[in-house]
Amino acid sequence: MNRPIEIKKHPFPSLLYLEWILLAITALTAVIPPPLRRFGPKPPELSICSIFPDLSICNLLPELSIYSLIIFALMGLRLPKTNQVAKVIYTVIEIILILTTGLFGERFARLFSVLYIILVTRSCLIFKLPGRLFVTSLSFTLFLFTTQLKYQLFNYQASPQAQERSRFFSWNWSLTFGLSLVFVLLMMNAVLSERHSREKLAIANEKLRQYAMQIENQATLEERNRIAREIHDSLGHSLTALNLQLETALKLWQSNPGKAETFLATAKELGSKALKDVRQSVSTMRFNPLQEQSLERAIANLSESFHRSNGILPIYQINLESTLSPEINTAIYRITQESLTNISKYAYTTEVKLELTEIRGSLRLIIQDNGRGFDLGQNTTGFGLQSMRDRTLALAGEFNINSAPGSGCKITVNIPLTRFWSLD
């Protein structure tokens, strides 16, 4: 399927205005009466009508040359940009108009150099480098041919000395014009290259702006998830324990009021802690859950709280050889807290084991119970389990869970320590 011809406005309006000004000045000098231009004899201008004055087309002069010049100037308003055939046709028409302007009008023959320069300039705007080089070479060839033909006609009746001077002037002018074309070609290539670089930079800036917005949105989403995890892990744990204390107190209220009062006091402490967690969550979750205590002490407090709430004392073993970073301490604490919360709510267990050790440059946390377990294919999408996964993955770790109905549950977390050595 052929591509549609696309015509766009001139990409450099100031360059188009400069073309028009140059054409107007050159055309004006061409129509000024000869006495104002020079004194003394001048060589004959090259034109078809000066060679063949009897041609019927010569009766249309100078209108034909003027119309060709006007059409050539107006063609700069629209340039073909996509269709290669349209570009070639456009350039061929320009060359025909140049030849018509110069060959059929004696006074307009001097416009050759200006028109060819404009032709090269426009070719740089519509062609790639190979096309630009071809148009430049073709322009120089046509100019050289017409110039040499002109001076051969002049030398036909000139003296040998005049012929020598004319030949020197002809080659000198051709060389100067060729260097001018090369200069225009190099200048236009530099301008277009700079423009292309600015366009690429603008596109890159726009992409960077879009990426920044995406990163900002992603950061906002991650911060929301982090706050949600903190609320779930801290407040959820406290409210779960509080609910268990209140249920136990209600059961013992009639039979053993003294012990029920003890559970109510514990529930009050848990309520105060939950209120504190809420306040800390509102203040962007900057609260350190360990409260400046060691990880071993924090896990021991979780075990004691679990024992008070469920009557089961977890068996825990902690063997750490180095000081962990705050990020790892917080993650391990929250994972342990969420695991004990889930065990309290769903496991109906009689034994809980917790092991935290360093093994070959990595930290391993194992939390295991002998409760009723669950089906991994149906119960692994809860917020608590997802929160534990997210915390582990955020530290480039691995999170595994093994469970089956009636076989308890085992959670294993492995976190590499090579990137998180403490500076203490």
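See the structure printed just above.
Parameters and conventions
Residues numbered from 1 in each chain as written. Predicted model: local features only at pLDDT ≥ 70, side-chain atom pairs only at ≥ 80, totals over all residues. Heavy atoms only, no water. Core = buried A, V, L, I, M, F, W, Y, C linked by side-chain atoms within 4.5 Å. Buried < 20%, exposed > 50% of the residue type's maximum accessible area, 1.4 Å probe, protein only. Helix = DSSP H or I, 4+ residues; strand = E, 2+ residues; numbered from the N terminus. Contact = heavy atoms within 4.5 Å. Phe/Tyr/Trp six-rings, centres within 6.5 Å; stacked < 30°, edge-to-face > 60°. Lys NZ or Arg CZ within 6 Å of the ring centre and 35° of its normal. Salt bridge = Lys/Arg side-chain N within 4 Å of Asp/Glu carboxyl O. Axes fitted to C-alpha atoms, helices over the stretch in contact; angles between N-to-C directions. Parallel < 35°, antiparallel > 145°, perpendicular 65-115°, else oblique. Left-handed = near helix turned anticlockwise from the far one by under 90°. Nonpolar A, V, L, I, M, F, W, Y, C, P; charged D, E, K, R; others polar. Patch = residues over 30% accessible without salt bridge, like charges linked within 9 Å, V, L, I, M, F, W, Y side chains within 5 Å. Areas by Shrake-Rupley, 256 points an atom, 1.4 Å probe, with all protein chains shown as cover. Expected span 1.5 Å × (residues − 1). Pairing = 2+ DSSP bridges.

A. Examining the nonpolar core more closely. Counting residues in hydrophobic clusters, the biggest one holds 32 residues, and the most contacted among them are Leu 295, Ile 328, Ile 332, Leu 363 and Leu 365. Looking at this core, the elements that each hand over two or more residues are helix H10 (295-310), helix H11 (326-347), strand S4 (352-359), strand S5 (362-369), helix H12 (383-394), strand S6 (398-403) and strand S7 (409-416). For this core, the element with the most residues is H11, which contributes eight residues. Residues in contact with Leu 365, not counting those within four places in the same chain, are Ile 332, Ile 335, Thr 336, Leu 354, Glu 355, Leu 356, Ile 411, Thr 412 and Val 413. Counting residues in each nonpolar core, the second largest holds 30 residues, with Ala 73, Leu 115, Val 135 and Leu 181 among its members.

B. View of the packing of aromatic side chains. Evaluation of the coordinates by the stated rule reveals three aromatic pairs. Every member of this aromatic cluster is reached through a ring pair, and the members are Tyr 116, Phe 143 and Phe 177. Lying across the ring of Phe 72, Arg 122 places its NZ or CZ 4.6 Å from the centre.

C. Representation of unusual backbone geometry. Even without being a glycine, Arg 360 presents a positive backbone phi close to 50°. Here Arg 360 is to be found in the loop between S4 and S5. Within the chain, Ala 396 stands out as a residue other than glycine whose phi angle is a positive 60°. With respect to the helices and strands, Ala 396 occurs in the loop between H12 and S6.

D. Just the pattern of salt bridges, in detail. Per the counting criterion, the structure on display carries four salt bridges. Among the salt bridges present, the one from Glu 94 reaches Arg 122, with a minimum N-O distance of 2.9 Å. Pair noted here: Glu 94 is in helix H5 (residues 84-103) and Arg 122 is in helix H6 (residues 112-126), with a separation of 28 residues, a long-range link. We note that Glu 94, like Arg 122, is buried. Close ionic contact of Glu 304 with Arg 297 constitutes a salt bridge, the shortest N to O distance being 3.1 Å. Its relative accessible area of 39% is what places Arg 297 among the partly exposed residues.

E. Looking closely at the packing of H11 against H12. Following both chains from N to C, one finds H11 and H12 inclined at 160°, their axes separated by 10 Å at the closest point. With respect to each other, H11 and H12 are oriented roughly antiparallel. Note on packing geometry: the crossing formed by H11 with H12 is left-handed. Two secondary-structure elements touch here, H11 through Ala 331, Arg 334, Ile 335, Glu 338, Ser 339 and Asn 342 and H12 through Gly 384, Leu 385, Met 388, Arg 391 and Thr 392. In the contact of H11 with H12, the residues fall into four nonpolar, four polar and three charged.

F. Broad picture of the environment of Ala 396. A residue is classified by how much of its surface remains accessible, and Ala 396, at 41% relative accessible area, is partly exposed. Taking the C-alpha atoms as reference, Ala 396 lies 7.0 Å from Pro 416; in sequence the two are 20 residues apart.

G. Inspection of a nonpolar patch on the surface at higher detail. A surface patch of nonpolar side chains, about 460 Å² in accessible area, is lined by Ile 66, Tyr 67, Ile 70, Leu 74 and Leu 77. Checked against the element boundaries, Leu 77 lands in the loop between helix H4 (63-74) and strand S2 (78-80).

H. Expanded view of H10. Given a rise of 1.5 Å per residue, 16 residues ought to cover 22 Å, and the 22 Å separating the end C-alpha atoms of H10 matches this to within 8%. With its phi angle positive at about 75°, Gly 311 sits one or two positions after the end of H10.

I. Structural view of the packing of H10 against H11. Where H10 meets H11, the closest approach of the two axes is 10 Å, and the angle between their N-to-C directions is 10°. It follows from the interaxial angle that H10 and H11 lie roughly parallel. Along the contact surface, H10 presents Leu 295, Ala 298, Ile 299, Leu 302, Phe 306 and Asn 310, while H11 presents Asn 329, Ile 332, Tyr 333, Thr 336, Gln 337, Leu 340, Ile 343 and Ser 344. Taken together, the residues of the contact of H10 with H11 sort by class into nine nonpolar, five polar and no charged.

J. Spatial organisation of the side chain of Asn 189. For Asn 189, the position within the fold is in helix H8 (residues 160-252). By relative accessible area, which is 17% here, Asn 189 ends up buried. For Asn 189, the contacting residues outside a window of four places in its chain are Leu 129 and Arg 132.

K. Fine view of the sheet that holds S7. Read across the open sheet, the five strands follow the order S3-S4-S5-S7-S6; overall the sheet is mixed. Taken across any chain shown, the strands that pair with only one partner, and hence form the sheet edges, are strand S3 (315-319) and S6. Neighbour-to-neighbour, the strand axes of this sheet turn through a mean angle of 10°, independent of strand direction. In terms of strand pairing, S5 meets S7 through eight bridges, oriented antiparallel. By the bridge assignment for S7, Ser 362 is matched with Pro 416.

L. Geometry of the pairing of S5. Along S5, six of the eight residues are buried, which leaves the element largely enclosed by surrounding structure. Here S4 hands over to S5 after two residues, with Arg 360 in that stretch at a positive phi of 50°.

In short, geometric facts, not functional conclusions.
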